[in-house]
Amino acid sequence: MLHVLAVDDERPALEELTYLLRKDPRVGRVSCAGDASSALRDLSRMLVEGDHLDAVFMDIRMPGLDGLDFTRLLTGFAAPPHVVFVTAHDDCAVTAFELGALDYLLKPVRPERLAESVRRVAGAVDRPAPAPAAEGARDPEDEMIPVELGGRTRLVSRRAVTHVEAQGDYVRLHTADGGYLVRMPLSALTKRWEAAGFIRIHRSTLVASAHITEVRFDGGRAAVQIGDELLQVSRRHTREVRDRLVRKFHHPDGNGTGGNRAGDDSAGGDAPAGGGGDER
């Protein structure tokens, strides 16, 4: 069953599109958004939470971010959904298909024409995915996270994120250019980005191992250096940090002559690893 997202800034048009999509037996779930910026945020949240989206049925002419711009931004996602445009304007079809749109419908939408678009989506979803690269051949693909900045939507690359801090219902993505607040749970982000080398060092902190320049142990406590910041590792996460990072810094060239400092008092790794709720 397909999961699709309907997007239109005109409420009657959105309700009609949603109604028709829900009547199709191939569609199992229809989500809704009133503009492209909201759709981009919803898509980012779905991806972080592991909620797969098969297609977006959207208008083109909308205030702020329009449908074509939305489709251009989708190229930043590792596994973007298919796009079907539903619009009253016929002058954007060429551009739409150049951007990879799966179909282009004109309003008012006829049910049989929408059914054909759903058939195309179902067919595209059922096609075999390209063969994956050999295991270990490369890192997981980058992801782009949309953030809101004064009414504008900016895409932040996962590779640019040095560490992430939980702040209530939000997380703050730290990059060399600054910090960006995104509404999502740290636990979901931890699970999704684990394969990309992100490590939980504290109940409220996630770090990118690629940006760590130093690991320190002192009296059973650990800390990691990222840029100019020294971030403390909680006791319950010390063993994971040691297991995943110390070998990297002691043996970057395979012969144990690494130049970065990872404290030789690695007996500090005997500090309680699962203990006691110490998250200070």
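As the structure is a computational prediction, the values presented were derived from the model and not from experiment.

Undergrad: Explain the overall build of the protein chain here, please?
TA: Each helix and strand in the protein chain was counted, giving seven helices and 15 strands. Across the 280 residues in the protein chain, those meeting the buried criterion constitute 46%. Across the protein chain, contacts joining residues at least 24 apart in sequence account for 56% of those joining residues at least 6 apart. Carbon and sulfur atoms form 48% of the exposed surface of the protein chain, whose accessible area is close to 14500 Å².

Undergrad: Got a minute to help me understand the nonpolar core in this structure?
TA: The tendency in soluble globular proteins is for nonpolar side chains to be buried side by side. Counting residues in each nonpolar core, the largest one holds 26 residues, and the members touching the most others are Leu 5, Val 7, Val 56, Met 58, Phe 70, Phe 85 and Tyr 104. Sorting the residues of this core by element identifies β1 (2-7), α2 (36-48), β3 (55-58), α3 (67-73), β4 (82-87) and α4 (93-98) as the ones contributing at least two each. Here this core takes six residues from α2, the largest share from any one element. Non-local contacts of Leu 5, meaning those with residues more than four positions away in its chain, are made with Ser 31, Cys 32, Ala 33, Ala 39, Leu 53, Ala 55, Val 56 and Phe 57. If you look at the next biggest cluster of nonpolar residues, it comprises 19 residues, including Leu 21, Val 30, Ala 55 and Val 86.

Undergrad: How do you make sense of the side chain of Thr 71 when you look at a structure like this?
TA: The residue Thr 71 is located in helix α3 in this model. What makes Thr 71 buried here is its relative accessible area of 5%. At 2.9 Å, the side chain of Thr 71 and the backbone oxygen of Gly 67 are in polar contact. Those residues within four positions of Thr 71 in sequence are excluded, and the remaining contacts are Val 83, Phe 85 and Leu 99.

Undergrad: For this particular structure, what's the right way to read the side chain of Thr 175?
TA: Assignment of secondary structure puts Thr 175 in strand β9 (residues 170-175). A polar contact of 3.1 Å, which involves the side chain of Thr 175, links it to the backbone nitrogen of Asp 177. Beyond its immediate chain neighbours, meaning those up to four positions away, Thr 175 contacts Val 156, Ala 160, Val 161, Thr 162 and Tyr 180.

Undergrad: Honestly, the sheet that holds strand β2 (residues 27-33) in this entry has me stumped. Any pointers?
TA: What links the strands of a sheet is backbone hydrogen bonding, and the strands pair in either a parallel or an antiparallel sense. Strand order in the open sheet formed by five strands is β2-β1-β3-β4-β5, with parallel pairing between adjacent strands. The sheet is open, and its two edges are formed by β2 and β5 (103-106), each paired on a single side. On average, each strand axis in the sheet is tilted by 20° relative to the strand beside it, whichever way the strands run. Strand direction decides the pairing type here: β3 and β4, joined by four bridges, are parallel. Looking across to β4, one finds that Met 58 is bridged to Phe 85. This element, helix α1 (residues 11-23), spans β1, β2, β3 and β4 of the sheet and lies at about 170° to β2. Contacts from helix α5 (residues 111-126) reach β1, β2, β3, β4 and β5, with the element oriented near 165° to β5.

Undergrad: Help me understand the packing of aromatic side chains in this model?
TA: Any pair of aromatic rings gets described here by the distance separating the centres and the angle formed by the planes. The tally for this structure, following the rule as stated, stands at three aromatic pairs. Ring centres 4.8 Å apart and planes at 50° place the aromatic pair Trp 193 and Phe 198 in the tilted group.

Undergrad: Would you take a moment to explain the packing of α1 against α5 for this structure?
TA: Pairs of packed helices are described in terms of their axes, by the angle between the two and the distance that separates them. Between α1 and α5, the shortest axis-to-axis distance is 10 Å and the interhelical angle comes to 65°. α5 is crossed by α1, and the crossing has right-handed handedness. Residue-level contacts link Leu 17, Leu 20 and Leu 21 of α1 to Pro 111, Leu 114 and Val 118 of α5.

Undergrad: Before we go on, may I ask you to explain the sheet that holds strand β13 (residues 212-218) in this structure?
TA: Ordered in space as β13-β14-β15, the three strands form an open sheet in which the pairing is antiparallel. Both outer strands of the open sheet, β13 and β15 (229-233), are each paired with one neighbouring strand and no more. The sheet shows a mean angle of 25° between the axes of neighbouring strands, direction not considered. Here strand β14 (residues 221-226) pairs with β15 via five bridges, running antiparallel. In the strand pairing of β15, Ala 223 is matched with Gln 232.

How each quantity is defined
- Residues numbered from 1 in each chain as written.
- Predicted model: local features only at pLDDT ≥ 70, side-chain atom pairs only at ≥ 80, totals over all residues.
- Heavy atoms only, no water.
- Helix = DSSP H or I, 4+ residues; strand = E, 2+ residues; numbered from the N terminus.
- Buried < 20%, exposed > 50% of the residue type's maximum accessible area, 1.4 Å probe, protein only.
- Contact = heavy atoms within 4.5 Å.
- Areas by Shrake-Rupley, 256 points an atom, 1.4 Å probe, with all protein chains shown as cover.
- Core = buried A, V, L, I, M, F, W, Y, C linked by side-chain atoms within 4.5 Å.
- Polar contact = N/O pair within 3.5 Å; in protein donor to acceptor, adjacent residues only side chain to side chain.
- Pairing = 2+ DSSP bridges.
- Axes fitted to C-alpha atoms, helices over the stretch in contact; angles between N-to-C directions.
- Phe/Tyr/Trp six-rings, centres within 6.5 Å; stacked < 30°, edge-to-face > 60°.
- Left-handed = near helix turned anticlockwise from the far one by under 90°.

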